[in-house]
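Structural features, examined
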Amino acid sequence: MIRLNNITREILSYHPKANIRLVEKAYVYSAKVHHGQIRLSGEPYLSHPLEAAYILSQLKMDEVCIAAGLLHDVLEDTSAELEEIRELFGAETANIVDGVTKISKMQFSSSKQRQAENVRKMILAMSSDIRVIIVKIADRLHNMRTLGFQAPEKQRRIAKETLEIYAPLAGRMGIQWIKSNLEDLCLFYLEPEIYEKIKTEAVHRRDEGEKFIIEFTKILSEKLTSVGIQANIKGRPKHFYSIYKKMLNQNLNVNQVHDILAFRVIVNSVSDCYAALGHIHSMWKPVPGRVKDYISVPKANKYQSLHTTVVTPWGQRMEVQIRTHEMDRVAEAGIAAHWKYKDGAVSKADESQFEWLNQLLEWQKSLKDPVEFLETVRMDLFPNEVYVFTPRGEVKEFPAGSTPVDFAYAIHSEVGQKCMGALVNGKMVTLKYQLRTGDIVEILTSPKQHPRKNWLEFVKTPRAKTRIRQWINSQVREESINLGRDILEKDLQKVHLTVPNLIRSEQLAAVSRELSFHSVEDMVAQIGLGKISAKQVIGRLKPRLGVEEEKPAGLVSKVVGRMKRRKADGGIRVKGVDDMLVRFANCCHPIPGEDVIGFITRGRGITIHHKACQHIPNTDKERLVEVSWEATSDDIFIARIRVTSIDRKGVLADVTTIITQNDANIVESDVKTTSDQKGIANFTVEVGNYKQLQEIIRAIKRVKDVLIVERL
């Protein structure tokens, strides 16, 4: 079992001025709060944070990070509080512990490759301090090393999660030795039979392999020394998981995999790397397509090396990696290799743009200490993306600024169409709420809900925008078809024509083609939108129905026709459109002379409202049309007025007399008396126009004891 002095000795070996007191204090606190807790192995629980902290010291992390490693489980497994950690160990340590705890609470259920990548990105995005991820990786490595004490089902679940999430994360951080360790451990639990076959084959070839490593190293070392290249040559068997992947990719049995040995040639300079490559190729034949230059084009995690595979005179394939000492350090420790504790020369940042980690490393190169480095990278690593959970624990990726509506459409179009609200982290939010990384989102639906046009103002994803537009267009089209059908049927009745199954009529289909429409529905929709007139269609339809065209009507007939039409549509003219079905709103009862506006109502033509009607602000503005009055003296309209007066005998008679004296007919009245001796009378009257109504109202106001007269 690792002890505290193992950790402190390791820290002082690379950072002599480290604040060891902080690490010792974290050890004492962790021992106190974990006292009495036992791991499944039977060891004290404290052994786990000690092992994790020792792994961090092997990565040469700073004392704050190692203190956090000792404390990383206290919030989840003990009664310790975050504020107490912050007070005792400082904000940096507390933030790392809090970040590790949040990651530990995540449930990863999906095994899809893209899902795993989303989880990895989310972990990175949630970690404003890169040390959070490094502590979590150290924690997971020790847990995998002791996984044998768990139940078989849990072993497979944790191993699968590690292979999909944490091993790639270690690779992305550039910590290759941890990545390889994790992958081999995962293979042991996920494919135990294959693991044993690879292990058996490796043991079988061990003596032969060790002998070959010695011979190959000697020959190569002598060659490079003879040309003035100082090199440190290391040979080792490949990791089991690397062999397993080769078996899968090339469909091989374990005994068919020949290149199970790998060599590393470490030299002093980049020029020596390329020179060594040339000499190796002069000695052994390179395998075509297996030479890779990661020095001139580094990997995203800043890995640099030359790779080649050669065939030896013994017929064996050898993989050789050539790199400098600095490249080797980065290849093994990744971002941790850049943790500096001494002042050094400031190097110029590489101007080429690689992935996020490359940028972090470039920043770090120009900084003098880890504190300054952390201040620089304390930022959102993915400023243009957010990663959120479904209630089942799946992770969805969205553009920054996305809303629950975007989330709903990402689940399913039907969920988006019926979305009425959302719960985020268990709390109700508005549909305009902007999702944040780590949110757990649950969509609330209703069969009565449908998309709103204003959703287009705040949704971010193309899928949501497309589906909303499709729904709106389908509704506008459906309303236009219904309105166009009503207009056409009405005009057909005027000329005494009947067309059964209007939309399926062959005669109308011919007319639609003649007018360059794809279908009868398209043509009828255009009638509803006022783009073509029903009379235009009927004029082309009559010959196909065997109806002769009537002679042009005389002047008297035209005048009578206009009067009838005007009478039918209530004296309303819709701007730019003829022959529209018109009705008047019961909510505001507009009358001639008032400012009015039309609203296209599904299947009911144009509904006329007073412009001040309370319903107008809440309507779809694209369905409003300009209208004007063209009333005649024969038109009659409904108006409602309310008269509030002192409850005096004879007031009601005076009011009704004035209404009848002004040529208005009382259709309905409702009279009541209030507890404070006031009379309230509501009248529904028929008037010809707004001017007549105003005269009636002014006359009633002059009646004795009348207090208020208002239009309803």
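By the naming in an unreviewed UniProt entry, the protein chain is GTP pyrophosphokinase, taken from uncultured Desulfobacterium sp. Under the UniProt heading Function (unreviewed entry), the entry covering the protein chain gives this text: "In eubacteria ppGpp (guanosine 3'-diphosphate 5'-diphosphate) is a mediator of the stringent response that coordinates a variety of cellular activities in response to changes in nutritional abundance."

Within the secondary structure layout, Asp406 lies in helix α19 (residues 404-411). Of the side chains bearing the opposite charge, Lys465 lies closest to the buried Asp406, which forms no salt bridge; the N-O distance is 7.5 Å. Setting aside chain neighbours within four positions, we find Asp406 in contact with Phe398, Phe458, Val459, Lys460, Thr461 and Ala464.

The subject of this paragraph is the sheet that holds strand β18 (residues 637-646). Pairing in this open sheet of four strands is antiparallel, and the strands run β19-β20-β18-β21 from one edge to the other. Strands at the two margins of the open sheet, each flanked by one partner only, are β19 (665-673) and β21 (706-711). Neighbour-to-neighbour, the strand axes of the sheet open up by a mean angle of 15 degrees, direction not taken into account. For β18 and β21, the ladder comprises five bridges, and the chain directions are antiparallel. For Thr644, the partnering residue across the bridge sits in β21 and is Ile708. Against the sheet, helix α26 (residues 651-661) touches β18, β19, β20 (678-687) and β21, its axis set at about 15 degrees to β20.

It is worth spelling out the pairing of strand β15 (residues 605-610) at this point. Burial runs high along β15: five of the six residues are buried. In terms of strand pairing, strand β13 (residues 582-584) meets β15 through three bridges, oriented parallel. Note on β15: the bridge partner recorded for Arg583 is Thr607. The sheet contact formed by strand β14 (residues 596-601) and β15 spans six bridges and is antiparallel. Note on β15: the bridge partner recorded for Val596 is His610.

Below, the discussion takes up a positive patch on the surface. There is a patch of like positive charges on the surface, built from Lys691, Arg698, Lys701 and Arg702. Here Arg698 lies in helix α27 (residues 690-701). You can call Arg698 partly exposed: its relative accessible area is 45%.

Scanning all chains against the criterion turns up 11 aromatic pairs. With a centroid separation of 5.8 Å and 45 degrees between ring planes, the pair formed by Tyr241 and Tyr244 is classed as tilted. Placement of both Tyr241 and Tyr244 in helix α14 (residues 240-250) is noted, with a separation of three residues, approximately one turn of the helix. Geometrically, the ring pair formed by Tyr294 and Tyr303 is edge-to-face, given 6.0 Å between the ring centres and 65 degrees between the ring planes. The same class applies to Tyr294 and to Tyr303, which are both buried. A connected cluster of aromatic rings, assembled from ring pairs, spans Phe188, Tyr189, Tyr195 and Phe240. Geometry around Phe89 places Lys25 over its ring, the cationic atom sitting 5.5 Å from the centre.

Take α26 next. Note that an α-helix has 3.6 residues per turn; residues three or four places apart therefore point the same way. Turning to α26, its buried residues number three or more, namely Val651, Val655, Ile658 and Ile659. Buried positions in α26, seen along its axis, are confined to an arc of 100 degrees and lie on one side of it. Where α26 is buried, its residues touch β18, β19, β20, α27 and β21. Phi for Asp663, located one or two positions after α26, is positive at around 60 degrees.

Now for the pattern of salt bridges. Per the stated rule, a full pass over the model turns up 12 salt bridges. Salt-bridge contacts for Arg140 lead to Glu161; the nearest nitrogen and oxygen are separated by 2.8 Å. Of this pair, Arg140 sits in helix α9 (residues 131-145) while Glu161 sits in helix α10 (residues 152-172), and the two are 21 residues apart along the sequence. Between Glu326 and Arg329 there is a salt bridge, with its nearest N and O atoms 3.2 Å apart. With a gap of three residues between them, Glu326 and Arg329 both fall in helix α16 (residues 325-333), about one helical turn apart. Since its relative accessible area comes to 40%, Glu326 is described here as partly exposed. The class for Arg329 is partly exposed, based on a relative accessible area of 38%. Put simply, Asp62, Glu92 and Arg131 are held in one network by salt bridges that share partners.

Thresholds, definitions, all that
Residues numbered from 1 in each chain as written. Predicted model: local features only at pLDDT ≥ 70, side-chain atom pairs only at ≥ 80, totals over all residues. Heavy atoms only, no water. UniProt positions renumbered as here; feature names shortened; annotations may be inferred. Helix = DSSP H or I, 4+ residues; strand = E, 2+ residues; numbered from the N terminus. Buried < 20%, exposed > 50% of the residue type's maximum accessible area, 1.4 Å probe, protein only. Lys, Arg positive; Asp, Glu negative; His and termini not counted. Salt bridge = Lys/Arg side-chain N within 4 Å of Asp/Glu carboxyl O. Contact = heavy atoms within 4.5 Å. Pairing = 2+ DSSP bridges. Axes fitted to C-alpha atoms, helices over the stretch in contact; angles between N-to-C directions. Patch = residues over 30% accessible without salt bridge, like charges linked within 9 Å, V, L, I, M, F, W, Y side chains within 5 Å. Areas by Shrake-Rupley, 256 points an atom, 1.4 Å probe, with all protein chains shown as cover. Charge placed at Lys NZ, Arg CZ, Asp CG, Glu CD. Phe/Tyr/Trp six-rings, centres within 6.5 Å; stacked < 30°, edge-to-face > 60°. Lys NZ or Arg CZ within 6 Å of the ring centre and 35° of its normal. Arc of directions from axis to C-beta.

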